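What follows is the residue order along each chain.
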Amino acid sequence: MARQLRAEQTRATIITAAADLFDRHGYESTSLSDIVAHAKVTKGALYFHFAAKEDLAQAILELQAKAARQLVADVESRGCSSLEALMRTTFGIARLAVEDPVPRAGLRLATADIAVRPPLRHPFTEWLEFATRKFSGAVREADLHGDLDVGVVAHSLVCFFVGTRVAGRSLEPVGRLPRRVAEMWHLVIRGLVPVHRRPRYVTLATQLEREVLIPTTR
């Protein structure tokens, strides 16, 4: 039992070290030797758990997917409106990116030329389907203009969110991401939400930004 626990801890250490390097330097620029040194483990320990760098990338993407699905489940359990659920999910993903190198690296890997192995689906595909579903619900709930093409809007939101992180990686610290997500939502609300519904969601965007920043401010 103790050996199994040590093995699990070593595996987690290797994944975290790889995630940190993938996020800071990129997948292609990170070698297995870099990961071994950063994790402070032996090459034998690394190869015991992962046969190749691609296996590490897959493990990180799987953990990111698990965290995102748990986040969605938690949001869905609140019984909030479709638009609020979508907003809470995007801020939740931002929080994960700020607090944890694994989902942060998962987002970077998702934008790289990394093959996602079945049955895992590409995160952007899942995000697009979730956003489309929530925007469709928001139209039915009259929180969005009724003549919107929800597929186009969902695609634009996912690209907006991902692009915010991709651009921000080179321009500013990751701790700025919640502010950028709030700015994104203020623009979306202004363009897509009927005037009489806007105050609720503008207030919500500000509140969610504050909830993410309070525990992550150092």
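Keep in mind it's a predicted model, so treat the numbers as computed, not measured.

Chemist: Would you explain the overall build of the protein in this entry?
Modeler: Helix and strand counts for the protein come out as ten helices and zero strands. Traced from its N-terminal end to its C-terminal end, the protein shows the element sequence α-α-α-α-α-α-α-α-α-α. For the protein, the C-alpha radius of gyration of 19 Å lies close to 17 Å, the compact-globule estimate for 218 residues. Its C-alpha atoms put the protein at 60 × 35 × 35 Å along the principal axes. Within the protein, buried positions represent 44% of all 218 residues. Excluding contacts between residues fewer than 6 apart, the proportion of contacts in the protein whose partners are at least 24 apart in sequence is 72%. Carbon together with sulfur atoms contributes 56% to the accessible area of the protein, which is approximately 11,300 Å² in total. Side-chain charges in the protein split into 30 positive and 24 negative, and the spacing between the mean points of these groups amounts to 4 Å.

Chemist: For this particular structure, what's the right way to read the UniProt feature "DNA-binding region" (unreviewed entry) in the protein?
Modeler: The positions that UniProt labels "DNA-binding region" (unreviewed entry) are, in the present scheme, residues 31–50. For the annotated span residues 31–50, helix accounts for 75% and strand for 0% of the residues, and the straight-line distance between the end C-alpha atoms is 13 Å.

Chemist: Is there a simple way to explain unusual backbone geometry in this structure?
Modeler: In the segment running from Pro118 into Pro119, the intervening peptide bond is cis, with an omega of 10°. Mapping Pro119 onto the fold places it in the loop between helix 6 (101–110) and helix 7 (123–140). Phi at Lys40 takes a positive value of approximately 60°, unusual for a residue other than glycine. For Lys40, the location among the structural elements is in the loop between helix 2 (32–39) and helix 3 (43–49). What makes Lys40 exposed here is its relative accessible area of 73%. Non-glycine residue Ala142 carries a positive phi angle of around 65°.

Chemist: What am I meant to see in the UniProt feature "domain: HTH tetR-type" (unreviewed entry) in the protein here?
Modeler: Under the UniProt annotation, the feature "domain: HTH tetR-type" (unreviewed entry) is placed at residues 8–68. End C-alpha atoms of residues 8–68 are separated by 22 Å, and the span's content is 80% helix alongside 0% strand.

Chemist: Would you mind going over the environment of Val162 with me for this structure?
Modeler: Its location among the elements puts Val162 in helix 8 (residues 150–171). Separated by 107 residues in sequence, Val162 and Asp55 place their C-alpha atoms 24 Å apart.

Criteria and thresholds
- Residues numbered from 1 in each chain as written.
- Predicted model: local features only at pLDDT ≥ 70, side-chain atom pairs only at ≥ 80, totals over all residues.
- Heavy atoms only, no water.
- Helix = DSSP H or I, 4+ residues; strand = E, 2+ residues; numbered from the N terminus.
- Rg over C-alpha atoms; globule rule 2.2 N^0.38 Å.
- Buried < 20%, exposed > 50% of the residue type's maximum accessible area, 1.4 Å probe, protein only.
- Contact = heavy atoms within 4.5 Å.
- Areas by Shrake-Rupley, 256 points an atom, 1.4 Å probe, with all protein chains shown as cover.
- Lys, Arg positive; Asp, Glu negative; His and termini not counted.
- Charge placed at Lys NZ, Arg CZ, Asp CG, Glu CD.
- UniProt positions renumbered as here; feature names shortened; annotations may be inferred.

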